[in-house]
Amino acid sequence: VQLQASGGGLVQAGGSLRLSCIASTRTFSVYAMGWFRQAPGNEREFVAGINWSGRTTNYAESVRGRFTVSRDNAKDTVYLQMNSLKPEDTAVYYCAADRNPYNVINTTPRGYGYWGQGTLVTVSS
């Protein structure tokens, strides 16, 4: 599974961005997907996840109510809509696919076997 993330950029605090992650696999629809982020000097942290069907989502407390994860299995794509962005949201954002099909949402990096290349989000104050 290859993942290609896009949509990052520079935005002012309070602004919005939508990240996309397209998968190069016909079996995208069976994998839970996650979004993680990593700021300089920090460990990679869970941001949001969505199960294979799209019916279940999970969010880090720091982004709950501001970010929305969704997926379009017909397009092999997962999205992360980010609203009310804060300077502390600045990081490289990564999409990831679970190691195994039909798993519940993992909130740790080791639960994911496939990673995109990352897209930089910079929020200015």
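Residues numbered from 1 in each chain as written. Predicted model: local features only at pLDDT ≥ 70, side-chain atom pairs only at ≥ 80, totals over all residues. Heavy atoms only, no water.

Participant: Lay out the packing of aromatic side chains in plain terms, naming residues and giving numbers.
Facilitator: The description of an aromatic ring pair rests on the distance of the ring centres and on the angle between the ring planes. In this structure the tally under the stated criterion is seven aromatic pairs. Ring geometry for Phe36 against Phe46: centres 5.6 Å apart, planes inclined by 75°, an arrangement best described as edge-to-face. Taken as a pair, Phe36 in strand β4 (residues 33–38) and Phe46 in strand β5 (residues 45–50) lie far apart in primary sequence, 10 residues in all. Phe46 matches Phe36 in its accessibility class, with the two residues each being buried. (Phe/Tyr/Trp six-rings, centres within 6.5 Å; stacked < 30°, edge-to-face > 60°. Helix = DSSP H or I, 4+ residues; strand = E, 2+ residues; numbered from the N terminus. Buried < 20%, exposed > 50% of the residue type's maximum accessible area, 1.4 Å probe, protein only.)

Participant: Quick one: what's the story with the pairing of β4, residue by residue and with numbers?
Facilitator: The side chains of a regular strand alternate, first on one face of the sheet and then on the other. Here β4 lies mainly inside the structure; five of its six residues are buried. Here five bridges tie β4 to β5, and the two strands are oriented antiparallel to one another. Residue pairing across strands places Trp35 opposite Ala48, the latter belonging to β5. (Pairing = 2+ DSSP bridges.)

Participant: I'd like a rundown of the sheet that holds strand β1 (residues 3–6), residues and numbers included.
Facilitator: Read from one edge to the other, the open sheet built from four strands follows the order β1-β3-β8-β7, with strand pairing classed as antiparallel. Each edge of the sheet is formed by a strand with only one pairing partner; in this case those strands are β1 and β7 (67–72). Sheet twist, expressed as the mean angle between neighbouring strand axes with direction ignored, is 15°. Where β7 meets strand β8 (residues 77–82), six bridges bridge the pair, whose relative direction is antiparallel. (Axes fitted to C-alpha atoms, helices over the stretch in contact; angles between N-to-C directions.)

Participant: Can you tell me about the environment of Asn51, naming the residues and giving the values?
Facilitator: One can find Asn51 in the loop between β5 and β6 (57–59). Residue classification places Asn51 among the buried residues on the basis of a relative accessible area of 11%. Sequence-distant contacts of Asn51, defined by excluding residues within four places in its chain, comprise Ala32, Thr56, Arg71 and Ile105. Reaching out from Asn51, the side chain makes a polar contact with the backbone nitrogen of Gly54 at a distance of 3.0 Å. (Contact = heavy atoms within 4.5 Å. Polar contact = N/O pair within 3.5 Å; in protein donor to acceptor, adjacent residues only side chain to side chain.)

Participant: Go over the state of the cysteines, please, and point to the residues and values.
Facilitator: Counted according to the given criterion, the structure contains one disulfide. The partner cysteine of Cys21 in its disulfide is Cys95, sulfur to sulfur 2.0 Å. Here the disulfide of Cys21 and Cys95 is right-handed, its torsion about the S-S bond being about 60°. Of this pair, Cys21 sits in strand β3 (residues 17–23) while Cys95 sits in strand β9 (residues 91–98), placing them 74 residues apart in sequence. For Cys21, a relative accessible area of 0% puts it in the buried group. Residue classification places Cys95 among the buried positions, given a relative accessible area of 0%. (Disulfide = S-S within 2.5 Å.)

Geometric values such as these leave the question of function open.
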